Amino acid sequence: MTQPQTTAAAVEHLQSLGLPRLEAQMLTLHALGRNPQDRAWLLAHGEAPMDAASWIRLDSTVNQRLTGVPMAYLVGHKDFHAITLCVDPRVLDPRDDTETLVEWALAVAPAESELDVLDLGTGSGAIALALARERPRWRIHSSDASADALEVARNNGQTLGLKVEWAQGDWWAAWPNRTFDLVVSNPPYIAENDPHLLALRHEPRSALVSGPDGLRDIRTIAGQAETHLRPGAWLLLEHGHAQAEAVRELLRQAGMTSISSKKDLAGIERCSGGRWAPARFCGA
């Protein structure tokens, strides 16, 4: 691509290639070494020169974005529920819809309660760290099967100054003989032959795919939950857009009560959950 002479021209050029204006602005700012969120600076300095080094960086990131690389990987971070996370290809790009799970978790117990809370399959640490920020009295525990993902999560926790107990292991195996008052998870839930996987090819497949029907990991989590949940504990799960009914049935089979689903920003049932036995620790 021919090098634009100004920052405004660079943004216009990126839009002509099909990028949304916001993404064009963020990538331009990132290439200039500025905060990608500082759009006010960009609007006020539209005639600032686009130097050759910045253009080379911008050209490279634009080419990657046009092939589907997530914006979070290109700029190195993602805002999620009032925190900023460092994100790279070792973990999923946190989705805004996952904030539905966080909000539900925050709603099931009083803010002043002291709970043991577990985030299974933490990835970047988004859910665990969002809960740690909002509920400083909760004891947050978090695990992932991937050592690479845990490194990202731990680093995010250190950067944010939020206390979380981290552990490596496959689902409940990371927490032998441990029980919890609240468990949340955004596990893999895409079927292995789903055509949408092509658009997600830059993200870790192990964090996306879950068997022939996309429910393998949710079956494991729900099916083995009994020995890890205290009486009254909640188990809240994120899942695919057409899986709510199936997940509710899995929760029923696991002996959960008060089973329901929550809708995401698009009005789709995105999370389902239930309680184990009579309420003793969590308020509804």
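See above for the structure.
Residues numbered from 1 in each chain as written. Predicted model: local features only at pLDDT ≥ 70, side-chain atom pairs only at ≥ 80, totals over all residues. Heavy atoms only, no water.

The helix and strand inventory of the protein stands at 10 helices and 9 strands. By the compact-globule yardstick of 19 Å for 284 residues, the protein fits well, its C-alpha radius of gyration being 21 Å. Projected onto the principal axes, the alpha-carbon positions of the protein cover approximately 65 × 40 × 35 Å. Scored against the burial criterion, the 284 residues of the protein give a buried share of 52%. By sequence separation, contacts in the protein at least 24 residues apart represent 62% of the contacts at least 6 residues apart. Total accessible area on the protein stands at roughly 12900 Å², and carbon and sulfur atoms take up 51% of it. Side-chain charges of the protein comprise 27 positive and 35 negative groups, with the mean position of each set lying 4 Å from the other. (Helix = DSSP H or I, 4+ residues; strand = E, 2+ residues; numbered from the N terminus. Rg over C-alpha atoms; globule rule 2.2 N^0.38 Å. Buried < 20%, exposed > 50% of the residue type's maximum accessible area, 1.4 Å probe, protein only. Contact = heavy atoms within 4.5 Å. Areas by Shrake-Rupley, 256 points an atom, 1.4 Å probe, with all protein chains shown as cover. Lys, Arg positive; Asp, Glu negative; His and termini not counted. Charge placed at Lys NZ, Arg CZ, Asp CG, Glu CD.)

This next bit is on helix α2 (residues 21-31). Taken across its 11 residues, α2 has 8 buried, putting it largely inside the fold. Listed in full, the buried residues belonging to α2 are Glu23, Ala24, Gln25, Met26, Leu27, Thr28, Leu29 and Ala31. Considering only its buried residues, α2 is in contact with α1 (7-16), α3 (39-44), α4 (52-66) and α5 (71-75). Positive backbone phi, at 80 degrees, marks Gly33, one or two positions downstream of α2.

On to the packing of helix α9 (residues 216-223) against helix α10 (residues 244-253), then. Contact pair α9 / α10: the axes reach a minimum separation of 9 Å and the direction vectors enclose 25 degrees. By the angle between their axes, α9 is roughly parallel relative to α10. When the axes of α9 and α10 are compared, the crossing they make is right-handed. Of the residues in α10, those in contact with Ile218, Arg219 and Ala222 of α9 are Val247, Leu250 and Leu251. Partitioned by chemical class, the residues of the contact of α9 with α10 number 5 nonpolar, no polar and 1 charged. (Axes fitted to C-alpha atoms, helices over the stretch in contact; angles between N-to-C directions. Parallel < 35°, antiparallel > 145°, perpendicular 65-115°, else oblique. Left-handed = near helix turned anticlockwise from the far one by under 90°. Nonpolar A, V, L, I, M, F, W, Y, C, P; charged D, E, K, R; others polar.)

Attention shifts here to the nonpolar core. Counting residues in hydrophobic clusters, the biggest one holds 58 residues, and the most contacted among them are Leu27, Leu58, Leu131, Leu182 and Leu236. Residue contributions to this core peak at 7 residues, all from helix α7 (residues 126-134). Discounting residues that sit within four places of it in the chain, Leu27 has contacts with Leu14, Leu19, Leu58, Thr61, Val62, Arg65, Met71, Leu74 and Val75. Core analysis: the second largest hydrophobic core is formed by 30 residues, Leu120, Trp172, Leu197 and Ile218 among them. (Core = buried A, V, L, I, M, F, W, Y, C linked by side-chain atoms within 4.5 Å.)

With that settled, the discussion passes to unusual backbone geometry. Phi at His81 takes a positive value of approximately 45 degrees, unusual for a residue other than glycine. The residue His81 is located in the loop between β1 (77-80) and β2 (83-86) in this model. Classification of His81 as buried rests on a relative accessible area of 10%. Despite not being glycine, Trp171 has its phi angle at roughly 55 degrees, a positive value. Relative to the helices and strands, Trp171 resides in the loop between β5 (165-168) and β6 (180-185). A residue is classified by how much of its surface remains accessible, and Trp171, at 9% relative accessible area, is buried.

Moving on: the pattern of salt bridges. Opposite charge on two side chains makes pairing possible when the charged atoms of those side chains draw close. Taken as a whole and assessed by the stated rule, the structure comprises 18 salt bridges. Asp38 serves as the salt-bridge partner of Arg34, at 3.6 Å between the closest nitrogen and oxygen. Classification of Asp38 by relative accessible area gives partly exposed; the value is 26%. Residues Lys78 and Asp93 are paired through a salt bridge, measuring 2.9 Å at the closest nitrogen-oxygen approach. Here the residue Lys78 occupies a position in strand β1, and Asp93 occupies one in the loop between β2 and α6 (99-107), the gap between them amounting to 15 residues. Accessibility expressed as a relative area gives 12% for Asp93, which makes it buried. A single salt-bridge network, built from bridges that share partners, covers Glu114, Asp116, Arg137, Arg139, Asp181 and Arg230. (Salt bridge = Lys/Arg side-chain N within 4 Å of Asp/Glu carboxyl O.)

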